[in-house]
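So you can see what is in the structure, the chains are spelled out below.
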Amino acid sequence: MKYNLTISSSPHIRASHSTASIMRDVVFALTPALVFAIWLYGFRVLAVTLVSVAACVFFEWGYRRMMKKDCTAGDWSAVLTGLLLALVSPPTVPYWVIVLGALFAIVLVKQLYGGIGKNFLNPALAGRAFMMTSWAAIMTQWAKPHTWLSLMSNYTAEGALDGVTAATPLAALKTGALPDATIGSAFLGNIGGCIGEASALLLLLGGAYLVIRKVISPRIPLCFIGTVAVLTFLFPRGNDRLVWMAYQLFSGGLMLGAIFMATDYVTSPVTKWGQVIFGVGCGALTVLIRYFGGFPEGVSYAILIMNVTVGLLDKVGMPRRFGAVKEKGGAKA
């Protein structure tokens, strides 16, 4: 039998996934939640999302061009950042605020550290933290579900939100009270909050799609959500344990953060035990911030805090080399 020897340069291992295909899969998985939010609040949600995506793509293209680097705007990573930034913002967010958030996320968090694969913080969550810190009043204005918002209204003006605003379930949970919305409404999607927080069901379905496609591993989401479930069940605030736990799981951005943010390839561990510790840490910090922090929600800050520990977690979770033995001093041979 005759074999042909093919000589080529590395890499020699090829996978069916590329950066662009992975980003497109995540965008596809988030689309049902976005469409549902448009149904809840109207076309302003679509306008905010398009502005966010366009701003992220423009800033990435502009920065790379200005610095005379290869253009990466076509790999869909900026598109995904823009989509996620919109989904973690309230539907009433002014367009200029989302544009500045996109500028911070793309230029300061992503590109100044070398671009995709080199940032140590999740760009979309860092952009949200920047907007929350700079314009807290704007970022905590919540619209009532099934209220179609105007495309051009200035929802930061005094009185512009009369008859439109409503408290989110997490605001009630923060005080130790149960929200008016039922658990079913929170799970299926009939509650106020950020654009991407409405339906836990659709986010779970999107996560299942990503797991089936092998885009993400379920390890981090399961550890994240499981930790929140255990802690809120063990330490309810004067309410039925199961009911309290269910509201904590299905309200706010837990599903969005655990499935689509904490699993970011660049800012999460690659080792198995590192991922387990990362997910547990995110869940514990989320409950800690929700219970004792200044804001009702803690998912975004929990993930950002754990992002800076990824290098250490990968070092701790590194498996032992096959055949390696410990020397007397504790060093590995």
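Here we summarise the structure given alongside this text. Computed from a predicted model, the values in this text were never measured in an experiment. (Residues numbered from 1 in each chain as written. Predicted model: local features only at pLDDT ≥ 70, side-chain atom pairs only at ≥ 80, totals over all residues. Heavy atoms only, no water.)

1. Notes on the environment of leucine 85
- Tracing the sequence through the fold places leucine 85 in helix α3 (residues 77–87).
- Judged by its relative accessible area of 0%, leucine 85 falls in the buried class.
- Sequence spacing of leucine 85 and glycine 101 is 16 residues, and the spatial spacing of their C-alpha atoms is 7.8 Å.
- Those residues in contact with leucine 85, other than ones at most four positions away along the chain, are Ser52, Ile98, Gly101, Ala102, Ala124, Gly127, Arg128 and Met131. (Helix = DSSP H or I, 4+ residues; strand = E, 2+ residues; numbered from the N terminus. Buried < 20%, exposed > 50% of the residue type's maximum accessible area, 1.4 Å probe, protein only. Contact = heavy atoms within 4.5 Å.)

2. Description of helix α5 (residues 123–134)
- Across its 12 residues, α5 extends 16 Å between first and last C-alpha, which sits within 8% of the 16 Å expected from 1.5 Å per residue.
- Among the 12 residues in α5, 9 count as buried, and that is most of the element.
- Of all the residues in α5, the buried ones are Pro123, Ala124, Leu125, Ala126, Gly127, Arg128, Ala129, Met131 and Met132.
- Those residues of α5 that are buried are in contact with α3, α4 (95–110), α6 (136–139), α12 (254–261) and α14 (299–307). (Expected span 1.5 Å × (residues − 1).)

3. Some remarks on the nonpolar core
- Leu30, Phe224, Leu249, Met255, Phe260, Phe278 and Ile303 are the most contacted members of the largest nonpolar core, which has 86 residues in total.
- With sequence-adjacent residues up to four places away left out, phenylalanine 278 is seen in contact with Ile220, Ala262, Thr267, Ser268, Pro269, Met306, Asn307, Val310 and Leu313. (Core = buried A, V, L, I, M, F, W, Y, C linked by side-chain atoms within 4.5 Å.)

4. Details of the side chain of glutamate 60
- Mapping glutamate 60 onto the fold places it in helix α2 (residues 43–66).
- Exposure remark for glutamate 60: the relative accessible area of 0% places this residue in the buried category.
- Polar contacts involving the side chain of glutamate 60 include one to the side chain of threonine 72, which spans 2.6 Å.
- Apart from the residues within four sequence positions on either side, glutamate 60 is in contact with Thr72, Ala73, Asp75, Ser77, Ala78, Ile106, Lys110 and Gln111. (Polar contact = N/O pair within 3.5 Å; in protein donor to acceptor, adjacent residues only side chain to side chain.)

5. Considering the pattern of salt bridges
- Under the criterion given, the structure shown has 3 salt bridges.
- Put simply, glutamate 60 and lysine 110 hold a salt bridge, and the shortest N to O gap is 2.8 Å. Remark: lysine 110 occurs in helix α4 and glutamate 60 occurs in helix α2; sequence separation between them is 50 residues. (Salt bridge = Lys/Arg side-chain N within 4 Å of Asp/Glu carboxyl O.)

6. Quick look at the layout of surface pockets
- The volume enclosed by the largest pocket comes to roughly 410 Å³.
- In this structure, the largest pocket is lined by 24 residues; those nearest its centre are Met23, Leu80, Asp264, Tyr265 and Val266.
- Mapped by element, the contributors of at least two residues to the lining of the largest pocket are α1 (19–41), α3, α5 and α12.
- In this model, the second largest pocket occupies a volume close to 220 Å³.
- What lines the second largest pocket is a set of 17 residues, and nearest its centre among them are Arg128, Trp142, Leu170, Pro296 and Glu297.
- Elements supplying a minimum of two residues to the lining of the second largest pocket: α5, α7 (169–174) and α14.
- Among the residues forming the lining of the second largest pocket, the class breakdown is 8 nonpolar, 6 polar and 3 charged. (1 Å grid on protein atoms, 1.4 Å probe; cavity = no way out; pocket = protein on both sides within 12 Å on 5 of 7 lines; lining within 4 Å. Points joined across faces, edges and corners; volume = space filled by probe spheres on them. Nonpolar A, V, L, I, M, F, W, Y, C, P; charged D, E, K, R; others polar.)

Shape is all these values report; function is a separate question.
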